[in-house]
Amino acid sequence: MSFAALRDVLGVPSTPISIDPTSFVSYILPPLLSYLVVAVLAVTPQTHSLRVTLWPVAALLALRAALSLDFSLVKPGLTYFKTELILSMFLIATRTLEWTLAEEPLKRHVRPSNSTPSVITDALDLTTNFRGYGWDWSKGLHVPRETRPLTRGRFVGCVVLSASLHVFICGILQTAIQSFSPHTFGALHGGSIFDETLPFFIRYLRSSIITIFSAFRVYSALQMKYDLYTIPAVLILRQDPMQWPPEFDTPWFATWIPAFTGFGRVGGIFGAFFASAVIHHVILAPSTGQAEFWRMSVPFGMMAVGALGERTFLRLTGRKVGGAMGWVWAMSWLILWGNFIVDAWARRGVFGCSSTVDSVTPVRVVVERSVMAFDAWLHTF
């Protein structure tokens, strides 16, 4: 079956439609309900065959929603809402697949104090648990050390402050990136971060600065979203604050390629990074511009090569990469190949979206003028 035929079977409109109560019930509610049903089955014994039967339905409903709706409110500067929809539906499909592949019922190990075990409450926790903390399906998950107070009120207060701070930081960095080149990659039509008019060293110094800004922007956006998920989960769903540990553990201090180096086989390492490349390619789908998969697969593939290099170093020397030289190695390798990942984003017009500080005129003006002055100085070489 061709993709066009699949669209017809799913009833996908020829052009995406805006979100409203009717489209929500028609397109968003079905995958959400199927997500919950699979979660209920995942914690219920002797339901593996039923989960296997139901999963394709859940995945197709998620695909239908991702293809049918336009969350940008027909405003080009809000295309990141389309990205959020696609990512959410992608997560529904992949999470339910992981639950489906588990032959035994999933087990919950962490519950709020004085709570009574229940299939429905366990299923609700499973669907809203961001990383599977407290469940056996997230076995081996690294949990950063908690530094926030664990009393509910004070914990939520810290999370609200963190969300507010990271919203602001994300907006500052978005404006800063746009200001390097407002008429190319700073606009919705996109463009490359590599300025061919600059000398080689200055060109890649500039692109690396943009890459670093982009990395911290992504970090801030992810932390902001994690905080915004945490607040209703703790306040409304009454989940224990311990179920929402810190999301990050100072990744900027990493002294080794920070993911998947523990895989025992070469195929596992490359498979994990290939999956990352696919995810990043998928979430760029609603953006404008051209997209080639190699722009994600090559740099993520080189991340896997770096991870294998670390394993080789360990086997040859008996020492794990670390310390000051490990930090220099990790940051250099990540920034080098991160340039190409960020360039792929820039070519798709990702940095042309609206910033959260657009309405805070004094802040926006200061950031724009400072970055433009710095960029003008770079162009004097």
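Residues numbered from 1 in each chain as written. Predicted model: local features only at pLDDT ≥ 70, side-chain atom pairs only at ≥ 80, totals over all residues. Heavy atoms only, no water.

### Some remarks on the overall build of the protein
Then comes step 1: Within the protein one finds eleven helices and two strands.
Then comes step 2: Split into buried and exposed, the 381 residues of the protein put 43% on the buried side.
Then comes step 3: If you take every contact in the protein between residues at least 6 apart in sequence, the share linking residues at least 24 apart comes to 77%.
Then comes step 4: Taken as a whole, the protein presents about 19,800 Å² of accessible surface, with 69% of it coming from carbon and sulfur. (Helix = DSSP H or I, 4+ residues; strand = E, 2+ residues; numbered from the N terminus. Buried < 20%, exposed > 50% of the residue type's maximum accessible area, 1.4 Å probe, protein only. Contact = heavy atoms within 4.5 Å. Areas by Shrake-Rupley, 256 points an atom, 1.4 Å probe, with all protein chains shown as cover.)

### Some points on the packing of helix 6 (residues 152–180) against helix 7 (residues 200–235)
Then comes step 1: Two numbers describe how helix 6 lies on helix 7: the axes approach to 8 Å, and their chain directions differ by 150°. By the angle between their axes, helix 6 is roughly antiparallel relative to helix 7. Judged by the sense of rotation from one axis to the other, the crossing of helix 6 with helix 7 is left-handed.
Then comes step 2: In terms of residue class, the contact of helix 6 with helix 7 is built from 23 nonpolar, seven polar and four charged. (Axes fitted to C-alpha atoms, helices over the stretch in contact; angles between N-to-C directions. Parallel < 35°, antiparallel > 145°, perpendicular 65-115°, else oblique. Left-handed = near helix turned anticlockwise from the far one by under 90°. Nonpolar A, V, L, I, M, F, W, Y, C, P; charged D, E, K, R; others polar.)

### Concerning helix 3 (residues 48–68)
Residues spaced three or four apart along an α-helix point in a common direction, a consequence of the helix completing one turn every 3.6 residues.
Then comes step 1: For helix 3, built from 21 residues, the straight-helix expectation of 30 Å at 1.5 Å per residue is met to within 8% by its first-to-last C-alpha distance of 30 Å.
Then comes step 2: Bending of helix 3 peaks at approximately 35° at the position of leucine 54, with proline proline 56 no more than four residues after it.
Then comes step 3: Considered for burial, the residues of helix 3 that qualify are Arg51, Leu54, Ala58, Ala59, Ala62, Arg64, Ala65, Ala66 and Ser68. (Expected span 1.5 Å × (residues − 1). Bend = angle between axes of the 7 residues up to and from the residue.)

### Regarding a nonpolar patch on the surface
Then comes step 1: A cluster of nonpolar residues, Phe24, Val25, Leu29, Leu32 and Leu33, forms a patch on the protein surface that exposes about 400 Å² of accessible area.
Then comes step 2: On the secondary structure map, phenylalanine 24 appears in helix 2 (residues 21–42). (Patch = residues over 30% accessible without salt bridge, like charges linked within 9 Å, V, L, I, M, F, W, Y side chains within 5 Å. Salt bridge = Lys/Arg side-chain N within 4 Å of Asp/Glu carboxyl O.)

### Some remarks on the packing of helix 2 against helix 5 (residues 119–128)
Then comes step 1: It is the contact of helix 2 with helix 5, at a shortest axis distance of 8 Å, that shows an interaxial angle of 120°. Compared by their axis directions, helix 2 and helix 5 come out oblique. With respect to the hand of their crossing, helix 2 and helix 5 are arranged in right-handed fashion. Taken together, the residues of helix 5 that come into contact with helix 2 (itself represented by Tyr35, Leu36, Ala39, Val40 and Ala42) are Val119, Ile120, Ala123, Leu124, Leu126 and Thr127.

### Regarding the pattern of salt bridges
Then comes step 1: A full pass over the atoms with the stated rule returns eight salt bridges.
Then comes step 2: Linking aspartate 125 and arginine 108 is a salt bridge whose minimum nitrogen-to-oxygen distance equals 3.3 Å. You can see aspartate 125 sitting in helix 5 and its partner arginine 108 sitting in the loop between helix 4 (80–101) and helix 5, a full 17 residues away along the chain. Here aspartate 125 matches arginine 108 in class, with each residue buried.
Then comes step 3: Between arginine 203 and glutamate 196 there is a salt bridge, and its shortest N-O distance comes to 3.6 Å.

### Quick look at the packing of aromatic side chains
Then comes step 1: By the definition in use, this model includes 16 aromatic pairs.
Then comes step 2: An angle of 45° between the planes, with centres 5.3 Å apart, marks the rings of phenylalanine 194 and tyrosine 204 as tilted. Taken together, the residues phenylalanine 194 in the loop between helix 6 and helix 7 and tyrosine 204 in helix 7 connect sequence positions ten residues apart.
Then comes step 3: By relative accessible area, phenylalanine 194 is classed as buried at 12%.
Then comes step 4: When the centroid spacing of 5.1 Å and the interplanar angle of 85° are considered together, the rings of tyrosine 219 and tryptophan 252 count as edge-to-face. Placement of the pair is tyrosine 219 in helix 7 and tryptophan 252 in the loop between helix 7 and helix 8 (266–283), with a sequence separation of 33 residues. (Phe/Tyr/Trp six-rings, centres within 6.5 Å; stacked < 30°, edge-to-face > 60°.)

Everything listed here is a matter of geometry and, on its own, says nothing about what the molecule does.
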